[in-house]
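Chain by chain, the residues run as shown.
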Amino acid sequence: MDKRELGTTGLQVTPLCVGTSPLGNFPSQYGYEVGEDQAVETVLSVLGGPLNFMDTSNNYGDGESERRIGKALAEAGGPPPGFVLATKVDPLPGSEDFSGERVRASVHESLERLGLDRLQLVHLHDPERISFEEATAPDGAVQALVDLQQEGLIEHLGVAGGPIDLMLRYLQLDVFAAVISHNRYTLVDSSAEPLIADAASRGVAFLNAAPYGGGMLVRGPQAVPNYCYQPASAQVISRVEAMQQACQRHGVPLAAAALQFSLRDERVASTIVGMSTPQRVAQTTALAEHPIPEELWSQLLELAAEGRSGVGL
Ligand SMILES: NC(=O)c1ccc[n+]([C@@H]2O[C@H](COP(=O)([O-])OP(=O)(O)OC[C@H]3O[C@@H](n4cnc5c(N)ncnc54)[C@H](OP(=O)(O)O)[C@@H]3O)[C@@H](O)[C@H]2O)c1
């Protein structure tokens, strides 16, 4: 797969990034269990495959995602050359402490679980959990990340979260080389457009997470009636059903269209797809390459346009 520049970091990443929240075992979010052996096997298949980018977080599965990745990395003898592993800082599970001190502890936990002595890319995760003022205070989360970068424990900083206006505010600080938005640049909801434009103008890498809205756009709204981990409105479900029918008429899986909606946009440095079985890498690269006729795109983009101002996430 041709790689894309990760903003101005000098890192080059595949346009597909492996998302690892499901493989941390997160039944409340995805509706199924993922055992450790399956997770480790999935990571090993990624490390030996064509994708060079993986996304995790301190709190996926209360740290289980990082632990399982660390186990696979140890078995594989470390990340392959050129592999980029990103993680995120979080409060302790069950705590609301997102202070600078907690951020430092979060980074040290991640280093230990992953078995690494430095982290290439660390995102401030879901900062909507605290106020902007708290995060940017002298003893706050952002300053702690900047200090950890200066100390050499982190190479690059990112910010990852939901509310678009808040993400725009964080980019104005000029400390983040990457931004993750989730569920807001898909066939259903494309309200991240202003953030994509802003990131492009700053040379910040835009990373688009959850192109399937957490599962609905790959398994179908009948199997997964949730969008962004919550019940979808009747309007969203009927739009997705109309997209599904248009795809069926052209013999194209809805998932191929959902994935390529993000991949075809050159401003998206990488699209983060959640996966927890070893077959997913091959399935995802096949979906990325599935031919989609222009006629289908024009029908889908018309249905997608209704999501430009968001679906109320
Ligand atoms: N705030 C943030 O920073 C933030 C928020 C959301 C997401 N993220 C990141 O982005 C990643 C992607 O988000 P997401 O995982 O929630 O949603 P997603 O990528 O939209 O969808 C993931 C779901 O789709 C399923 N899936 C993937 N490929 C499939 C295929 N070919 N056939 C059938 N099912 C398939 C996965 O199932 P299996 O588990 O069975 O493979 C999983 O249930 C996360 O894992 C995480 O790394 C970050």
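These numbers were taken from a predicted model, which means no experiment stands behind them. Numbers given to residues run from 1 along each chain, matching the order in which its sequence is written. For a predicted model such as this one, the threshold for reporting local features is a pLDDT of at least 70, and the threshold for listing and counting side-chain atom pairs is 80 or more; totals across whole chains, interfaces and linings nevertheless cover every residue. Water and hydrogen atoms were dropped before computing side-chain values, which therefore reflect all heavy atoms in the structure.

Visitor: Any details on the overall build of the protein chain? Residues and values, ideally.
Guide: Helix and strand definitions here come from DSSP, where helices need a minimum of 4 consecutive H or I residues and strands a minimum of 2 consecutive E residues; each element is numbered from the N-terminal end. Looking only at helices and strands, the protein chain has 13 helices and twelve strands in total. With C-alpha atoms as the basis for the radius of gyration, the globule rule is written as 2.2 Å multiplied by the number of residues raised to the power 0.38. Whereas a compact globule of 313 residues would reach a radius of gyration of roughly 20 Å, the protein chain reaches 19 Å, a difference of no more than 12%. For the protein chain, the spread of C-alpha atoms along the three principal axes comes to 55 × 40 × 35 Å. Burial status follows relative accessibility: with a 1.4 Å probe on protein chains alone, a residue under 20% of its type maximum counts as buried, one over 50% as exposed, and anything between as partly exposed. For the protein chain, buried positions account for 57% of its 313 residues. Per-residue and other accessible areas were derived by the Shrake-Rupley procedure at a 1.4 Å probe size, with only the shown protein chains allowed to occlude residues. A total of about 12800 Å² of accessible surface is found on the protein chain, and carbon and sulfur atoms cover 48% of it. Charged side chains of the protein chain number 21 positive and 39 negative; the gap between the two group centres comes to 3 Å. Charge assignment in this entry is limited to Lys and Arg as positive and Asp and Glu as negative, and neither His nor the chain termini are counted. To locate a charge, take NZ of a lysine, CZ of an arginine, CG of an aspartate or CD of a glutamate.

Visitor: So, the site of the ligand: which residues are in play, and what are the values?
Guide: One heavy atom within 4 Å of a molecule or strand is enough for the residue carrying it to be called near that molecule or strand. Within the structure, the ligand sits among 32 residues, and Tyr-32, Asp-55, Arg-219, Tyr-229 and Ser-276 are positioned closest to it. Under this definition, polar contacts are N or O atom pairs within 3.5 Å; protein pairs additionally need one hydrogen-donor-capable and one acceptor-capable atom, and for neighbouring residues in sequence, both atoms have to be side-chain atoms. Within the side chain of Ser-276, one N or O atom sits 2.5 Å away from an oxygen atom of the ligand. In isolation the ligand exposes 900 Å². Once the protein is present, 94% of that is buried. Elements represented by at least two residues in the shell around the ligand include exactly strand S8 (178-182), helix H9 (216-219), strand S12 (268-274) and helix H12 (280-289). Of the residues assigned to the shell around the ligand, the class counts are 16 nonpolar, eleven polar and five charged. When residues are sorted by character, Ala, Val, Leu, Ile, Met, Phe, Trp, Tyr, Cys and Pro go into the nonpolar class, Asp, Glu, Lys and Arg into the charged class, and all the rest, Gly among them, into the polar class.

Visitor: Account for the side chain of Thr-87, naming residues and giving values.
Guide: Here Thr-87 is to be found in strand S5 (residues 84-89). What Thr-87 contacts, discounting residues up to four positions off in sequence, is Thr-56, Ser-57, Asn-58, Glu-66, Ser-110, Leu-119, Leu-121, Val-122 and His-123. Residue contacts are defined here by distance: any two heavy atoms, one from each residue, within 4.5 Å place the two residues in contact.

Visitor: Summarise the nonpolar core; cite the residues concerned and give the values.
Guide: For our purposes a nonpolar core is just a set of buried Ala, Val, Leu, Ile, Met, Phe, Trp, Tyr and Cys residues, chained together by side-chain atoms within 4.5 Å. Grouped together as the largest cluster of nonpolar side chains are 88 residues, with contacts concentrated most on Leu-124, Tyr-170, Val-179, Leu-187 and Leu-217. Residue contributions to this core peak at eight residues, all from helix H11 (residues 254-263). By size, the runner-up hydrophobic cluster in this structure holds 16 residues, among which are Leu-6, Ala-178, Ile-180 and Ala-209.

Visitor: An account of the packing of aromatic side chains is needed here, citing residue identities and associated values.
Guide: Here is the rule: rings of Phe, Tyr and Trp (six-membered ring for Trp) pair when centre to centre is within 6.5 Å. Planes less than 30 degrees apart are stacked, more than 60 are edge-to-face, and the remainder are tilted. Per the counting criterion, the structure on display carries six aromatic pairs. Arranged with centres 6.3 Å apart and planes meeting at 45°, the rings of Tyr-30 and Tyr-32 form a pair that is tilted. Judged by relative accessible area, which is 17%, Tyr-30 ranks as buried. A relative accessible area of 28% places Tyr-32 in the partly exposed class. Taken together through their ring pairs, the aromatic side chains of Phe-26, Tyr-30, Tyr-32 and Tyr-229 make up a single cluster.

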